[in-house]
Amino acid sequence: MTTELKSKKNCQLILALDIEEKGDALALLEKAGEELDWVKIGLQMFTKYGPEYVRDIASLGKKIFLDLKLHDIPNTVAKAIQSVAALPIQMLTIHTCGGKEMMERAVEAQQKANPELQLLGVTVLTSMDIQSLKLIGIEQPIPNRVNTLASLAKESGMNGLVCSSHEVVALKQAFHDHFTLVTPGIRPAGSADGDQKRVMTPFKAAEAGSNYIVVGRPIYGSEDPVAIIRKVKGDLSDFQ
Ligand code: C5P
């Protein structure tokens, strides 16, 4: 492979489907049609509608990122992965701050249950800033904290991370292409930040080296979600 091909950036859009009602979510997916390949199902919908909802969305031909952010004792996380790995999902999250043994057991369970499933480690939530981290006793600056957690994730056998797009360049420098990097906290120009504190535009995130960007409210909260999907995909077109 040439260096040029190796370093070619590739970035795809994932829609965070944090919508209260299943009917509204399905209507949005129908409207978006083939414009949209990836959907993120988070705690809000999974706790309300369960595995059946995941199967319904998969049956529409969507690839699914199940964002459960598992964080518990190693045995419980491994068993939970065993349970969800049977679902038609392509990505699943766990928290890296659950520690090395938890991540190792998670990787082991994923390898056994579904080797194709991409396990992603959440580093520092994009809603956390230095002040909110201090309040829970974490004094480490965010870039150092992310680096510590990423090193631990790598040692534990993980090869995917969820992080802020602000950390992508440093992660690429430190770990090269080891990790698939998925970045939420994305705001197209003109969108409200909401509770996200460390935001970036789709183009800048892709340029930094994000492999997938996650966008929720700026799409499903807009009057014309399909137009925003097209706009974001247009911004990413140089990176596909
Ligand atoms: O609506 P918004 O674009 O802020 O949605 C971002 C999505 O990404 C939410 O579903 C949120 O749970 C998720 N997420 C995040 N920060 C992380 C990991 C996941 O915002 N570090």
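Our structure's up above, just so we're on the same page.
This structure is a prediction, so every number in the text was calculated from the model and none was measured. (Residues numbered from 1 in each chain as written. Predicted model: local features only at pLDDT ≥ 70, side-chain atom pairs only at ≥ 80, totals over all residues. Heavy atoms only, no water.)

Draft legend 1. A look at the pattern of salt bridges. One pass over the structure, following the stated rule, counts eleven salt bridges. Ionic pairing is found between Glu-35 and Arg-230, a salt bridge with its closest N-O pair at 2.9 Å. Linking Glu-35 in the loop between α2 (22-32) and β2 (38-42) with Arg-230 in helix α11 (residues 225-236), this pair joins segments that are 195 residues apart in sequence. Judged by its relative accessible area of 24%, Glu-35 is partly exposed. Between Lys-172 and Asp-177 there is a salt bridge; the shortest N-O distance is 3.3 Å. Judged by relative accessible area, Asp-177 falls into the exposed class, the value being 54%. If you follow the salt bridges from partner to partner, you end up with Glu-35, Arg-230 and Lys-233 in one network. (Salt bridge = Lys/Arg side-chain N within 4 Å of Asp/Glu carboxyl O. Helix = DSSP H or I, 4+ residues; strand = E, 2+ residues; numbered from the N terminus. Buried < 20%, exposed > 50% of the residue type's maximum accessible area, 1.4 Å probe, protein only.)

Draft legend 2. Broad picture of the pairing of strand β7 (residues 180-183). As defined by bridge partners, strand β6 (residues 160-162) adjoins β7 across three bridges and the pair is classed as parallel. Across the sheet, the residue bridging to Val-162 is Val-182, located in β7. Traced from β6 through helix α8 (residues 168-175) to β7, the parallel crossover comes out right-handed. Alignment of β7 against strand β8 (residues 212-215), held across two bridges, turns out to be parallel. In the sheet register, Thr-183 faces β8, and the bridge partner there is Ile-213. (Pairing = 2+ DSSP bridges. Right-handed = clockwise from strand over helix to strand, strands pointing away.)

Limitation: the analysis is restricted to geometry and does not speak to function.
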